[in-house]
Amino acid sequence: GEGTNGSVNTLKLQSDGKIIIGGTFTTYNGISANRIARLNADGTLDTSFNIGTAFNNTVYSISLQPDGKILIGGNFTLYDENDAFRIVRLNTNGSIDTSFDTSVGANNNVNAIAVDNTGRIIIGGNFTSINGSTSNRVARLLSNGTVDASFNVGTGANTTISTILVRNDKIYIGGNLNTYNGITVNKIARLNDNGSIDT
């Protein structure tokens, strides 16, 4: 059909073959879908995914938890008229997961989200604080959305993180950064499980 009326910045394939897309768009095939939509495997809009008024600003990242819940990061402050400060978790039907605390959220864009094998959530972006705690552009959250204090990034990244990958207790970050916790890096770094840089 017509597809989206704006950019698609991120997409994730569910285990059932459905596809969640996020970006700057406000319609999909002419149907209102503010910056998020779920598509059936044939590309049609999944109307069972109930997003309401959805997001008030751009979606940059989507990550799926093993239980099917959906983590979303971006530059938004509302999801379906609920406060959601740049990070939110949705239930599989598109409703907001109120057990995930976004009452404070991030103070700037969340560009990347990854989930490790214990269910902890690593986020990266332009933010310098998350849920009221200073954390320069990278942080780890527990499954309820609270900051994981055992993940110590020190001074963190000096500028934007755009992407994150977790593999075997190592965390890979990429973006425009030149330093991480005062150590020179060239746009990419690997972190240990405690947030220190893997030299």
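Look up a bit, the structure's there.
Residues numbered from 1 in each chain as written. Predicted model: local features only at pLDDT ≥ 70, side-chain atom pairs only at ≥ 80, totals over all residues. Heavy atoms only, no water.

**Concerning the overall build of the chain**
Part 1: Across its full length, the chain carries zero helices and 20 strands.
Part 2: The C-alpha atoms of the chain give 16 Å as radius of gyration, which agrees with the globular expectation for 199 residues (16 Å, within 12%).
Part 3: Dimensions along the principal axes, computed over C-alpha positions, put the chain at roughly 50 × 30 × 25 Å.
Part 4: The buried share among the 199 residues of the chain stands at 45%. (Helix = DSSP H or I, 4+ residues; strand = E, 2+ residues; numbered from the N terminus. Rg over C-alpha atoms; globule rule 2.2 N^0.38 Å. Buried < 20%, exposed > 50% of the residue type's maximum accessible area, 1.4 Å probe, protein only.)

**Digging into the sheet that holds strand β1 (residues 8–13)**
Part 1: Taken in spatial order, the three strands of this open sheet run β1-β2-β5, and their pairing is antiparallel. In the strand order of this sheet, the two ends are held by β1 and β5 (36–39), each with one partner. Neighbour-to-neighbour, the strand axes of this sheet turn through a mean angle of 20°, independent of strand direction.
Part 2: The sheet contact formed by β1 and strand β2 (residues 19–23) spans five bridges and is antiparallel. Its bridge partner lying in β2, Val8 is registered against Gly23. (Pairing = 2+ DSSP bridges. Axes fitted to C-alpha atoms, helices over the stretch in contact; angles between N-to-C directions.)

**As for the sheet that holds strand β20 (residues 188–191)**
Part 1: The sheet built from three strands is open, its strands ordered β16-β17-β20 with antiparallel pairing. A single partner strand is all that each edge strand has here, and the edge strands are β16 (161–167) and β20. Neighbour-to-neighbour, the strand axes of this sheet turn through a mean angle of 20°, independent of strand direction.
Part 2: One ladder, built from six bridges, connects β16 with strand β17 (residues 170–175); its direction is antiparallel. When the sheet's bridge partners are listed, Arg167 is paired in β17 with Lys170.

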